[in-house]
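Chains, contacts and geometry: an overview
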Amino acid sequence: MTNFLEMSGISKRFGGVHALRDVDLTLEVGEVHCLVGENGSGKSTLIKIISGVEAPEAGGRIIISGKEYPKLSPVYSTHCGIQVIYQDLSLFSNLTVVENIAMAHHLGGVHTVNWSSMRAVAVATMAKVGIEVDPETKVSELSIAGRQLVAICRALAADAKLLIMDEPTASLTRHEVNTLIKLVSDLKRSGICVVFVSHRLDEVLEIAERVTVLRDGAKVGTFAAAAIDSGKLSHLMTGKAFEYQ
Ligand code: ADP
Ligand code: MG
């Protein structure tokens, strides 16, 4: 399998806090890869480095689609097809669904906007994702799950090759989680790599092919989801005595 992303020796300090210590990560094209770890283990920091929002310390390497980036900025990261959906979703709640999705190209650095063609892309993306709301609905009127889908549409409209979701299920009901899991498997089939951050280990094992565990900023390991269960994962996350082989 080809790797979409290869990172090695990634470290990051915030003052006295060692948020990441010598972390390696590979993401294969078309895989669903979950990132798990307790609060403060470094998951969001790793995502911010992939998206170019935070710079790692010297010595780390980042290779995307075979090309090494000595310095990754948000603009480079977006150009490489990396789209992150943070927990706050970063939507404009006073704008409509279709306006938010059409914003994708603007956020991608394209400032001359052909509104009607972008609307068409936005509506087509909504159909692909299966959002059943009027495109003219204001985002402020949607549920959290509805907003989540809008954020996913916007990422797809920006031609995401790697879609990273930071704790996307934290405020969803089980039924909404099921919808999201199904959507992620559809995305995977279309060749998109998905990174899914979650602390709900059952859903992690349901959705992921591989799981990377972080603990205190260090990588414990990357495991095939089929070869591990939630009990073992939980032990790996907390570091409590456990023999794993
Ligand atoms: P997670 O997403 O796994 O909960 P984070 O990556 O957010 O973990 O945080 C890892 C560690 O780095 C934590 O101790 C956190 O307090 C610290 N940290 C993260 N971002 C900053 C920042 N901008 N300034 C200072 N400390 C930070
Ligand atoms: Mg976090």
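The following paragraphs examine the structure supplied in this document. What you see is a predicted model; the values in this text were computed from it and never measured.

Details of the site of ligand 1
- Around ligand 1, a shell composed of Phe14, Val17, Ala19, Gly37, Asn39, Gly40, Ser41, Gly42, Lys43, Ser44 and Thr45 is seen.
- Elements that contribute at least two residues to the shell around ligand 1 include exactly β2 (17-28) and α1 (43-50).
- Considering every element that reaches the shell around ligand 1, the biggest residue donor is α1, with 3 residues.
- Of the residues that constitute the shell around ligand 1, the class distribution is 3 nonpolar, 7 polar and 1 charged.

Some points on helix α4 (residues 115-129)
- Over its 15 residues, α4 runs 21 Å from end to end, which matches the ideal 21 Å to within 8%, given 1.5 Å per residue.
- Every buried residue of α4 is listed here: Met118, Val121, Ala122, Thr125 and Met126. In an axial view of α4, the angular spread of the buried residues amounts to 140°, which keeps them on one side of the axis. More than 90 degrees from the buried face of α4, the exposed residues found are Ser116, Ser117 and Ala127.

With respect to the sheet that holds β2
- Read from one edge of the open sheet, 4 strands run β2-β1-β4-β5, paired in antiparallel fashion. Of all the strands in the sheet, just β2 and β5 (67-68) have a single pairing partner and so form its edges.
- Where strand β1 (residues 3-14) and strand β4 (residues 61-64) come together, 4 bridges link them in antiparallel fashion. Across the sheet, Glu6 pairs through a bridge with Ile63, a residue of β4.

A closer look at the pairing of strand β6 (residues 82-85)
- Alternating residues of β6 divide into Ile82 and Val84 and Gln83 and Ile85, and every residue in both groups is buried.
- Across 4 bridges, β6 lies against strand β7 (residues 162-166) in parallel orientation. Bridge assignment links Ile85 to a residue of β7, and that residue is Met165.

Side note on helix α5 (residues 144-157)
- Taking 1.5 Å of rise per residue, 14 residues should cover 20 Å, and α5 covers 20 Å from first to last C-alpha, within 8% of that figure.
- Within α5 the residues assigned to the buried category are Arg147, Gln148, Leu149, Val150, Ala151, Ile152, Cys153, Arg154, Ala155, Leu156 and Ala157.
- Count one or two residues on from α5 and you reach Asp159, which has phi positive near 65°.

Quick notes on the nonpolar core
- By size, the foremost hydrophobic cluster in this structure holds 69 residues, and its most contacted members are Ile101, Cys153, Leu162, Leu163, Ile164, Val194 and Phe196.
- For this core, the element with the highest residue contribution is α5, accounting for 8 residues.
- Discounting residues that sit within four places of it in the chain, Ile164 has contacts with Ile47, Ile50, Val84, Ile85 and Val195.

A look at unusual backbone geometry
- The backbone of Asp159 sits at a positive phi, close to 65°, despite the residue not being glycine.
- With respect to the element layout, Asp159 can be found in the loop between α5 and β7.
- Despite not being glycine, Glu167 has its phi angle at roughly 50°, a positive value.
- Summarising the element assignment, Glu167 is placed in the loop between β7 and α6 (174-189).
- Among the residues examined, Glu167 registers 17 C-beta atoms within 10 Å and is labelled partly exposed.

Some details on the environment of Arg13
- Along the polypeptide, Arg13 turns up in strand β1.
- Arg13 gets classed as partly exposed once you count the C-beta atoms within 10 Å, which come to 14.
- Separated by 166 residues in sequence, Arg13 and Thr179 place their C-alpha atoms 37 Å apart.
- Ignoring sequence-local partners within four residues, the contact set of Arg13 consists of His18, Ala19 and Glu57.

Thresholds, definitions, all that
In every chain, residue numbers begin from 1 and rise along the written sequence. Chains carry letters and ligands carry numbers; both start at the beginning, A for chains and 1 for ligands, and go up in the order they are written. Totals for whole chains, interfaces and linings use every residue, but because this is a predicted model, local features are given only for residues with pLDDT of at least 70 and side-chain atom pairs only at 80 or more, for both listing and counting. Being near a molecule or strand means, for a residue, that its C-beta atom, positioned from the backbone, comes within 6 Å of it. Runs of E in the DSSP output that reach at least two residues are strands. Runs of H or I that reach at least four are helices, and both are numbered from the N terminus. Gly is put with the polar residues, along with every residue not named as nonpolar or charged; the nonpolar set is Ala, Val, Leu, Ile, Met, Phe, Trp, Tyr, Cys and Pro, and the charged set is Asp, Glu, Lys and Arg. How far a helix is expected to stretch is found by multiplying one less than its residue total by 1.5 Å. In this scheme every C-beta is placed from the backbone, and a residue whose C-beta has 20 or more other C-beta atoms within 10 Å is buried, one with 12 or fewer is exposed, and one in between is partly exposed. Summarising the geometry, the arc corresponds to the directions from the helix axis toward the C-beta atoms. Paired strands, in this sense, are two strands between which DSSP finds at least two bridges. In this usage, the nonpolar core is the set of buried Ala, Val, Leu, Ile, Met, Phe, Trp, Tyr and Cys residues whose C-beta atoms join them within 7 Å. Residue pairs are scored as contacts if the distance between their C-beta atoms, which are placed from the backbone, is within 7 Å.

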